[in-house]
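Below are the chains, spelled out letter by letter.
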Amino acid sequence: MNLIEEAYRQSILVVERCMHAIGAKASALSEGYNQVFTRDSMITFLGASLVDSQACQASFSMTLETLARYQTKLGMIPLSVDVDNPAIEANQGAVDSNPWFVIGHSVYYARYKDTEFLKKHLESIRKAMLWLEYQDSNNCGLIEVQEAADWGDLFANRGNILYDNVLYYKALVEYAHIQELCGESGVEILARAEDVKQKMNVLLWPGDVEEQTRMVREHGYSQEWLRIIRMSNEVFWFGKFYLPYASFRDFGYHCDALGNSLAILFDIADEAKANTIIDHFIQTGMNKPYPIMANYPPINPGDKDWREYYRNAYLNLPYQYHNGGIWPFVGGFYVAALMKAGKKEFAREELENLARANQVGKRFEWEFNEWLNGRSGMPSGMAYQAWSAGMYIFAYKCVMEDATI
């Protein structure tokens, strides 16, 4: 059996080990992430739901049931639910839980065509979307996020964050589809989704300051954006990638692999932008030694985005964790983005390299570790990660069977 096929087989075994009575745990190890995380589980099931398995379907539906059960009265979906103490949410401060919850319902329907399940959860989905709408604190049309309040839980992205707004766009699109499936009109929500998409391309893609300025003025966008547009175009005088964030008279300089890969997958980036982003990934070596560094270049002490909490447990030093570390689950999205951009042969090469990333372990082969050092490739974090395995399955299905989200 070749490496790609063996990695696929091993991925299914890891995902199965992560299944619990209340949903899919983030890790198969009880001493690791012994919780059902919203983002981890929904990302896991992007791939796991493509496996012909009644157990996967049952776990997917139970995960969504659990997350809906512990939704707050204001509509926030919990970051995680502990499997031993389900009534105690481990941490509720994660903006990306809500869009992943909505996207997860759409993926569940796409895989299993269960309209009654959607109808059962429609009010929970509606509340989740309303909570997201309230995250637009300045009425600009994009959501605002505090630093370290999404999957980058030790990283200083802030304000209008690319990753969160890409998810917000996708959640709006899927919510509109869910409304239609449940007998409601999704026209208004689709219009809002297009508005979010357009605003991201105006604010977060440097390259044509005159066109960006025209769009701001003609469409009545926030005048504060003009300062960011002028500043970012001085640094990035032609677009290479979407900025990781834009905040009050400030923006990020690093390339966010997950946010940019999702922008390609969700059709926020047009063909030219998609090719430019992928070229940047390759030219900078973000895909080496394995796909792919979460952010590049790493932030160093003295940089404007450096935070002293990056030193905690030496976790977020350069080329580690979010700060230039390699995340196999992000690598899965990257491989899928290559397929979306029509680079099938290269996507297969990168799928094999992603298999190697999941194969290497601290003690054993096929540990599916959380992340690896961006220079040495040394595995770190928790082993037997559900989303590392689930996203390998998804990437495999994209390359081998042209699967999509």
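Before any of the text, the structure's been laid out above.
This text gives an overview of the structure that appears in the document.

Conventions we followed
- Residues numbered from 1 in each chain as written.
- Predicted model: local features only at pLDDT ≥ 70, side-chain atom pairs only at ≥ 80, totals over all residues.
- Heavy atoms only, no water.
- Helix = DSSP H or I, 4+ residues; strand = E, 2+ residues; numbered from the N terminus.
- Polar contact = N/O pair within 3.5 Å; in protein donor to acceptor, adjacent residues only side chain to side chain.
- Contact = heavy atoms within 4.5 Å.
- Phe/Tyr/Trp six-rings, centres within 6.5 Å; stacked < 30°, edge-to-face > 60°.
- Lys NZ or Arg CZ within 6 Å of the ring centre and 35° of its normal.
- Salt bridge = Lys/Arg side-chain N within 4 Å of Asp/Glu carboxyl O.
- Buried < 20%, exposed > 50% of the residue type's maximum accessible area, 1.4 Å probe, protein only.
- Expected span 1.5 Å × (residues − 1).
- Core = buried A, V, L, I, M, F, W, Y, C linked by side-chain atoms within 4.5 Å.
- Pairing = 2+ DSSP bridges.

Re the side chain of Asn373
No. 1: Residue position: Asn373 is located in the loop between strand S10 (371–372) and strand S11 (379–380).
No. 2: Within the local environment of Asn373, its side chain forms a polar contact with the backbone oxygen of Tyr319, the two atoms lying 3.4 Å apart.
No. 3: Ignoring any residue separated from it by four or fewer positions in sequence, one finds Asn373 in contact with Tyr319, Gln320, Ile326 and Met378.

Things to note about the packing of aromatic side chains
No. 1: Applying the stated criterion across every chain, the model contains 27 aromatic pairs.
No. 2: On the numbers, 4.4 Å between centres and 5° between planes, the contact of Phe45 with Phe60 is stacked. Here the residue Phe45 occupies a position in helix H2 (residues 38–48), and Phe60 occupies one in helix H3 (residues 54–69), the gap between them amounting to 15 residues.
No. 3: Lying across the ring of Tyr384, Arg17 places its NZ or CZ 4.6 Å from the centre.

Topic: the side chain of Lys273
No. 1: Looking at the element boundaries, Lys273 is found in helix H11 (residues 271–283).
No. 2: Filtering out sequence-adjacent residues up to four positions away, Lys273 remains in contact with Asn201, Trp205 and Tyr242.

A few points about the pattern of salt bridges
No. 1: Tallied over the full model, the rule gives 23 salt bridges.
No. 2: Lys170 is the partner of Glu174 in a salt bridge, and the nearest nitrogen-oxygen pair spans 2.8 Å. Pair noted here: Glu174 and Lys170 are both in helix H6 (residues 162–181), with a separation of four residues, about one helical turn. Neither Glu174 nor Lys170 differs from the other in exposure class; each is buried.
No. 3: If you follow the salt bridges from partner to partner, you end up with Arg158, Asp250, Lys304 and Asp305 in one network.

Observations concerning helix H12 (residues 328–340)
No. 1: Taking 1.5 Å per residue as the helical rise, H12 with its 13 residues ought to reach 18 Å, and the 18 Å between its terminal C-alpha atoms agrees with that figure.
No. 2: For H12, a buried count of twelve out of 13 residues is recorded, marking the element as mostly surrounded by other parts of the structure.
No. 3: Listed as buried for H12 are Pro328, Phe329, Val330, Gly331, Gly332, Phe333, Tyr334, Val335, Ala336, Ala337, Leu338 and Met339.
No. 4: Of the residues flanking the end of H12, it is Gly342, one or two places downstream, whose phi is positive at about 80°.

Digging into the nonpolar core
No. 1: The biggest cluster of nonpolar side chains holds 133 residues, and the ones touching the most others in it are Phe329 and Phe333.
No. 2: Setting aside anything within four residues of it in sequence, one finds Phe333 in contact with Ile43, Leu46, Trp100, Leu258, Ser261, Leu262, Leu265, Met391 and Ile405.
No. 3: Grouped together as the second largest cluster of nonpolar side chains are six residues, Tyr290, Tyr319, Ile326 and Ala357 included.

Structural notes on unusual backbone geometry
No. 1: Going from Lys288 to Pro289, the amide bond is cis rather than trans, its omega being 0°.
No. 2: Here Pro289 is to be found in the loop between H11 and strand S9 (295–296).
No. 3: With an omega of 0°, the peptide bond between Pro291 and Ile292 qualifies as cis.
No. 4: Even without glycine at this site, Arg249 takes up a positive phi of about 55°.
No. 5: Classification of Arg249 by relative accessible area gives partly exposed; the value is 36%.
No. 6: In this model, Phe368 sits at a positive phi of 45°, which is unusual for a non-glycine residue.
No. 7: Within the secondary structure, Phe368 sits in the loop between helix H13 (344–359) and S10.

Remarks on the sheet that holds strand S6 (residues 245–247)
No. 1: With antiparallel pairing, three strands are arranged side by side in an open sheet as S5-S6-S7. Each edge of the open sheet is held by one strand with a lone partner, namely strand S5 (160–161) and strand S7 (250–251).
No. 2: By the bridge criterion, two bridges tie S6 to S7 in an arrangement that is antiparallel. Looking at S7, one finds that Ala246 is bridged to Phe251.

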